[in-house]
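Okay, here's what each chain looks like letter by letter:
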Amino acid sequence: MKNYIVDDLSESDIGGAVEIWVDQNRRYCGNSAAFPDLWRNNTGGIVGFLQARIQRKAARALRHDHNLCGYLTYDKFPFNGEMSSFVPALAHAVVEEHKEEGYLALYRSVSQEWVDQNIFNHMWTINYNDLKLRAALYDLGFGSYLIDAFACPDDKMDCADSFVITRASESDAGALFELIEESRLYYRATPIFLNREPYQIDDVKKLIGESNVFMAWDEAWDDKKAIGFINVSVSQENNNIDMSLENHGLLDEIGAYIQPGYRGGKGLGKQLLKKAFEYCRNSGVSRVHVDFETANPFANKFWRKYFDPMLLSVRRTINKNVNSIN
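Residues numbered from 1 in each chain as written. Predicted model: local features only at pLDDT ≥ 70, side-chain atom pairs only at ≥ 80, totals over all residues. Heavy atoms only, no water.

Caption draft 1: Examining the pattern of salt bridges more closely. Applying the stated criterion to the full structure yields 13 salt bridges. As a salt-bridge pair, D13 and R63 come within 2.8 Å of each other at their nearest N and O atoms. With D13 in the loop between strand 1 (5-8) and helix 1 (14-29) and R63 in strand 2 (residues 59-64), this pair connects stretches of sequence that are 50 residues apart. The residues D13 and R63 share a single accessibility class, namely buried. (Salt bridge = Lys/Arg side-chain N within 4 Å of Asp/Glu carboxyl O. Helix = DSSP H or I, 4+ residues; strand = E, 2+ residues; numbered from the N terminus. Buried < 20%, exposed > 50% of the residue type's maximum accessible area, 1.4 Å probe, protein only.)

Right, dumping it as structure tokens:
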């Protein structure tokens, strides 16, 4: 194993760190027309990102033969009731020659600090196509958690309009509320096991008034039945965590949901997405972002058909009793 030195990243290292990150991003993200290239063409955002973490002593440099060959920075925050560490996509890069050993040296350094502070939940966002880093992290015990994916809203998305889809109005609040609650229970169940905050009816009315929710209906029912939704908004700023940009379409805040009986080859998901893409094109939006849990089998299969997976968030939970054993 090569000899590496891991020490504090300094202001004088920022230029070299940015060069390493840009090369890494171009290598793994440069082939996607949907992924924004602003992050590597206008690096002011990365510089500010690194400066902030250097100032709070949350940045490490990887050196070999006195040369900077990588870096890692991190944030700490509460997540699901426990203090957690998080390494975003902008927060790390290692030159290809030193990738596996270099990342291992960096993680050894910061993870010991985290565990000493009783931070046992470690999260990391990497380039989805960086298979070497993914394999190295999986060997350390990380597992896939969330994917950020991007698409250009395709005006040739051909699908039959088999279902009625309308933009939600306040009169639809009750039906949408029931679907959101149904989706919350879906996320809590196997194999996802994800807790989502419950909505109240007033929250739903506010969402309808401030966002764009498209609802699908089965009109074969006497009183027509709400069977799915998709929520699209337009971002107002650049996001250095999911790497979306101002004026990107975002499939949030409630995302998308289809009742189980209407999934699987019926075309409803595609028809809802077509409606969201139409809204984005009509609003002058050229790219759309979605994130989804890898443990969600329906979403994991569906979104990959129409979006480029670009970022992968992985997670590792350290044994909680490690600091109690002498």
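Still to come is the rest of the account.
Caption draft 2: Structural context of helix 9 (residues 297-306). Among all positions of helix 9, only A299, N300, F302 and W303 are buried. Where helix 9 is buried, its residues touch strand 8 (143-151), strand 11 (225-234), strand 13 (256-258), helix 8 (268-282) and strand 14 (288-293). (Contact = heavy atoms within 4.5 Å.)

Caption draft 3: Representation of helix 3 (residues 44-55) within the structure. Counted at 1.5 Å a residue, the expected span for helix 3 with its twelve residues is 16 Å, and the 17 Å between its end C-alpha atoms agrees. Tucked inside the fold, the buried residues of helix 3 contact helix 1, helix 2 (38-41), strand 2, strand 3 (67-73) and strand 4 (75-79). Backbone geometry just downstream of helix 3 places K57 in the positive-phi region, at approximately 60°. (Expected span 1.5 Å × (residues − 1).)

Caption draft 4: The arrangement of the packing of aromatic side chains in detail. Counted under the stated rule, the structure contains 19 aromatic pairs. Relative to F142, the ring of W124 has its centre 6.0 Å away and its plane inclined at 85°; by these criteria the two rings are edge-to-face. A residue pair is termed long-range when its members are at least 10 positions apart, and W124 in strand 7 (residues 121-127) and F142 in the loop between helix 5 (131-139) and strand 8 qualify at 18 residues. Summarising the burial analysis for this pair, W124 and F142 share the class buried. An angle of 75° between the planes, with centres 5.0 Å apart, marks the rings of F302 and W303 as edge-to-face. Members of the aromatic cluster, connected to one another through ring pairs, are Y74, Y103, Y107, W114, W124 and F142. Over the ring of Y128 we find R134; its NZ or CZ atom is 4.5 Å from the centre of that ring. (Phe/Tyr/Trp six-rings, centres within 6.5 Å; stacked < 30°, edge-to-face > 60°. Lys NZ or Arg CZ within 6 Å of the ring centre and 35° of its normal.)

Caption draft 5: Spotlight on the pairing of strand 15 (residues 308-317). Strand direction decides the pairing type here: strand 7 and strand 15, joined by seven bridges, are antiparallel. When the sheet's bridge partners are listed, H122 is paired in strand 15 with R316. Across seven bridges, strand 8 lies against strand 15 in antiparallel orientation. Looking across to strand 15, one finds that G143 is bridged to R315. (Pairing = 2+ DSSP bridges.)

Caption draft 6: Looking closely at the layout of surface pockets. In this structure, the largest pocket spans a volume of roughly 1,200 Å³. Considering the residues around the largest pocket, the lining is formed by 50 residues, among which L146, L194, R196, D291 and E293 are closest to the centre. The class makeup of the residues in the lining of the largest pocket is 30 nonpolar, ten polar and ten charged. The wall of the second largest pocket is formed by 14 residues, among which G264, G265, F298, F302 and K305 lie closest to the centre. For the lining of the second largest pocket, the leading source of residues is helix 9, giving five residues. Looking at the lining of the second largest pocket residue by residue, the classes come out as five nonpolar, four polar and five charged. (1 Å grid on protein atoms, 1.4 Å probe; cavity = no way out; pocket = protein on both sides within 12 Å on 5 of 7 lines; lining within 4 Å. Points joined across faces, edges and corners; volume = space filled by probe spheres on them. Nonpolar A, V, L, I, M, F, W, Y, C, P; charged D, E, K, R; others polar.)

Caption draft 7: The arrangement of unusual backbone geometry in detail. For the peptide bond that leads from T190 to P191, omega is 0°, which places it in the cis range. Mapped onto the fold, P191 is located in the loop between helix 6 (173-188) and helix 7 (201-210). Of note in this structure, N80 is not a glycine but carries a positive phi near 50°. Mapped onto the secondary structure, N80 falls in the loop between strand 4 and strand 5 (82-87). Here the phi dihedral of N247 falls at roughly 70°; this positive angle occurs in a residue that is not glycine. Note on placement: N247 falls in the loop between strand 11 and strand 12 (249-250).

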